[in-house]
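Tertiary structure, described
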Amino acid sequence: MIKPVYGYGNMVLRKKAQDIGADYENLPALIESMFETMEASDGVGLAAPQIGLPIRVFVIDASSMVEDYPEAENFKKVFINPQIISLSGIEWSFVEGCLSVPGIREEVVRPSHVSISYVDENFIEHTETFSGIVARIIQHEYDHLEGKLFVDHLNPLKKRLLRKRLSLIENGTVPVSYKMRFKK
């Protein structure tokens, strides 16, 4: 079931998400809904706080980016209770966007590698290192679990210049092509 994406200004996007157990109610249905919501919104990643749930779960399907980023080939994963172990490599700039911040895309600098531990949808433990665009998407989605948005990585001047546009999102007066839930 496609869920509305919570927009900038909703408090759930600023809360640190909590770990869940294997007995989390309807977890398979939640994961399926997250992938459906992400795909219907033309995203490559979606974190549970973006659909109003303050839990440590995010999904990624980067396969649409494979033409420019070979590491994205067949990259479709579920990350539950993730913990970043380390960030390394060259810091590089990329223009990011976010389903919760529609209409705004800005350059964000992030490290090129991320090592992360997590459990998958079957609660099998993994510790892996990812690079390139996949590492960037993981870091972006992980930020959501920490109560951060990509705009938090911008310098103060750039944030000030975006204040009016962020206010429009917060007030629900920005056009979007997918289901959204704006601040009440």
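Above this note sits the structure.
A short tour of the structure in this document, coming up. Worth saying up front: this structure is predicted, and the values here are computed from it rather than measured.

Once that is clear, we can look at the sheet that holds strand S4 (residues 76-96). The five strands lie next to each other as S2-S3-S4-S5-S6, forming an open sheet whose pairing is antiparallel. The open sheet is flanked by strand S2 (45-47) and strand S6 (125-131), the only strands paired with a single partner. Averaged over all neighbouring strand pairs, the angle between strand axes comes to 30°, with direction disregarded. On top of the sheet, helix H1 (residues 27-40) reaches S2, strand S3 (57-61) and S4; it is set at about 45° to S3, its chief contact.

Moving on, we come to the pairing of S4. Relative to S4, S3 runs antiparallel, the two sharing five bridges. Residue pairing for S4: Ile60 is matched across the bridge by Lys77. Two elements, S4 and strand S5 (residues 106-119), share 12 bridges in a ladder whose sense is antiparallel. Paired with Ile84 across the bridge in S5 is Ile116.

Right, let's talk about the nonpolar core for a bit. With 34 residues, the main nonpolar core has Met34, Val59, Ile80, Val101, Val151, Leu166 and Ile169 as its most contacted residues. Within the residue set of this core, elements represented by two or more residues are H1, S3, S4, S5 and helix H3 (156-170). For this core, the element with the highest residue contribution is H1, accounting for six residues. Leaving out residues up to four positions away in the same chain, Ile80 has contacts with Ile20, Leu27, Ile31, Arg56, Val57, Tyr118, Val119, Asp120, Glu121 and Phe123. Ala62, Met65, Tyr118 and Ile138 belong to the second largest nonpolar core, which has 21 residues in total.

With that settled, the discussion passes to the environment of Lys3. The topology assignment puts Lys3 in the segment before strand S1 (5-6). As a C-alpha pair, Lys3 and Met38 span 35 residues in sequence and 9.1 Å in three-dimensional space. Each residue touching Lys3, except ones within four places of it in the same chain, is listed here: Ser33, Thr37, Ile51 and Lys179.

Okay, the environment of Gly45 next. Following the sequence through the fold, Gly45 ends up in strand S2. Under the relative-accessibility criterion, Gly45 is labelled buried at 6%. Sequence spacing of Gly45 and Ala62 is 17 residues, and the spatial spacing of their C-alpha atoms is 7.6 Å.

Another point: H3. Side chains three or four residues apart in an α-helix point the same way, a direct result of the helix having 3.6 residues per turn. Taking the largest bend as the criterion, H3 deviates by roughly 50°, centred on Arg163. For H3, every residue scored as buried is listed here: Leu162, Leu166 and Ile169. Buried residues belonging to H3 abut S5. The N-capping residue of H3, defined by a side-chain oxygen 3.0 Å from the backbone nitrogen of Leu157, is Asn155. Immediately beyond the C-terminal end of H3, within one or two residues, lies Gly172, with a positive phi of roughly 75°.

Looking now at H1. With 14 residues, H1 ought to run about 20 Å at 1.5 Å a step, and its terminal C-alpha atoms sit 20 Å apart, in line with that. Within the span of H1, buried status applies to Leu27, Leu30, Ile31, Ser33, Met34, Phe35, Thr37 and Met38. Where H1 is buried, its residues contact S1, S2, S3 and S4. Phi turns positive, to about 60°, at Asp42, one or two residues after H1.

The rules behind these values
Residues numbered from 1 in each chain as written. Predicted model: local features only at pLDDT ≥ 70, side-chain atom pairs only at ≥ 80, totals over all residues. Heavy atoms only, no water. Pairing = 2+ DSSP bridges. Helix = DSSP H or I, 4+ residues; strand = E, 2+ residues; numbered from the N terminus. Axes fitted to C-alpha atoms, helices over the stretch in contact; angles between N-to-C directions. Contact = heavy atoms within 4.5 Å. Core = buried A, V, L, I, M, F, W, Y, C linked by side-chain atoms within 4.5 Å. Buried < 20%, exposed > 50% of the residue type's maximum accessible area, 1.4 Å probe, protein only. Bend = angle between axes of the 7 residues up to and from the residue. Polar contact = N/O pair within 3.5 Å; in protein donor to acceptor, adjacent residues only side chain to side chain. Expected span 1.5 Å × (residues − 1).

These results come straight from atomic positions and should not be treated as a statement about function.
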